[in-house]
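This is what each chain is made of:
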Amino acid sequence: MKFWTKFSSSGLTDSLSSPLYIEGEAVRLRHPVQTDTKSMVEQTQNMQNGIAAPRVVVVVCLLKGKKVLLGRRRSSIGDSKFSLPSGHLEFGESFEECAARELKEETDLDIKNIELLTVTNHVFLEETKPCHYVAIVTRAVLADEDQEPRNMEPNMCDGWDWYEWDNLPKPLFWPLEKAVQTGFNPFRP
């Protein structure tokens, strides 16, 4: 199944009636996606007034044979839970650029064949400081199969290791746990 047929990180590439897959469900876009100056100004004002705006994070399902790379988080959100490598999208960056940069920053690994899999929406209301993340989920493979992950951010992660998808460690970070429970599998075409 191909998750994204007419959407790229730079925007819609065909008619707006093309299917867009979000969390495994096809939806049709009925209105053009717009990024105008007024909405950006409103978002900035909301942030300055203490109203949190959603943030975009790019998640990487890094595959090696039948295994996926996971690390144990050291963060206020999901502390001590196993998670896929991920990080915030920077201004002007494509999803693929963000995936490659974050993997390099966190693991010192180089990746290739970066593909967009799905988009998920997560609101963390139970946290000390509630937050909202839109996750762009990608899949990639190692540029050099002999590379081994290094823990480049020990203040953010206890370390990285390879795990079989059908035998993931516990506890999982809840967005990953929810994805697994609903049948998400990064190994499917």
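Everything discussed here concerns the structure shown above.
What counts and what doesn't
Residues numbered from 1 in each chain as written. Predicted model: local features only at pLDDT ≥ 70, side-chain atom pairs only at ≥ 80, totals over all residues. Heavy atoms only, no water. Helix = DSSP H or I, 4+ residues; strand = E, 2+ residues; numbered from the N terminus. Expected span 1.5 Å × (residues − 1). Core = buried A, V, L, I, M, F, W, Y, C linked by side-chain atoms within 4.5 Å. Buried < 20%, exposed > 50% of the residue type's maximum accessible area, 1.4 Å probe, protein only. Contact = heavy atoms within 4.5 Å. Salt bridge = Lys/Arg side-chain N within 4 Å of Asp/Glu carboxyl O.

**Q** So what exactly am I meant to see when it comes to helix H2 (residues 95-107) here?
**A** Each full turn of the α-helix corresponds to 3.6 residues, which orients residues three or four apart in the same direction. Under the 1.5 Å per step criterion, the end-to-end length of H2 is 18 Å for 13 residues, consistent within 8% with the ideal 18 Å. Positioned one or two residues after H2, Asp108 has a phi angle of 65°, which is positive.

**Q** Please explain the nonpolar core as it appears in this structure.
**A** In summary, soluble globular proteins display a tendency toward joint burial of nonpolar side chains. Within the largest apolar cluster, 22 residues are counted, with the highest numbers of intra-cluster contacts made by Cys61, Val68, Leu70, Leu84 and Phe184. Contributing elements (two or more residues each) for this core: strand S5 (55-64), strand S6 (67-73), strand S9 (111-124), strand S10 (131-142) and helix H3 (174-181). If near-sequence neighbours (up to four positions away) are discounted, Leu70 is found in contact with Phe82, Ser83, Leu84, Gly159, Trp160, Asp161, Tyr163, Leu168, Pro169, Leu172 and Leu176. Val58, Cys98, Leu109 and Val119 belong to the second-largest nonpolar core, a separate cluster that totals 18 residues.

**Q** Just to check I follow, could you spell out the pattern of salt bridges for this structure?
**A** Pairs may arise between side chains of opposite charge once their charged atoms sit close together. Evaluation of the coordinates by the stated rule reveals ten salt bridges. Among the salt bridges present, the one from Glu102 reaches Arg101, with a minimum N-O distance of 2.9 Å. Salt bridges here are not isolated pairs; linked through shared partners, they connect Glu90, Glu93, Arg101, Glu102 and Glu105.

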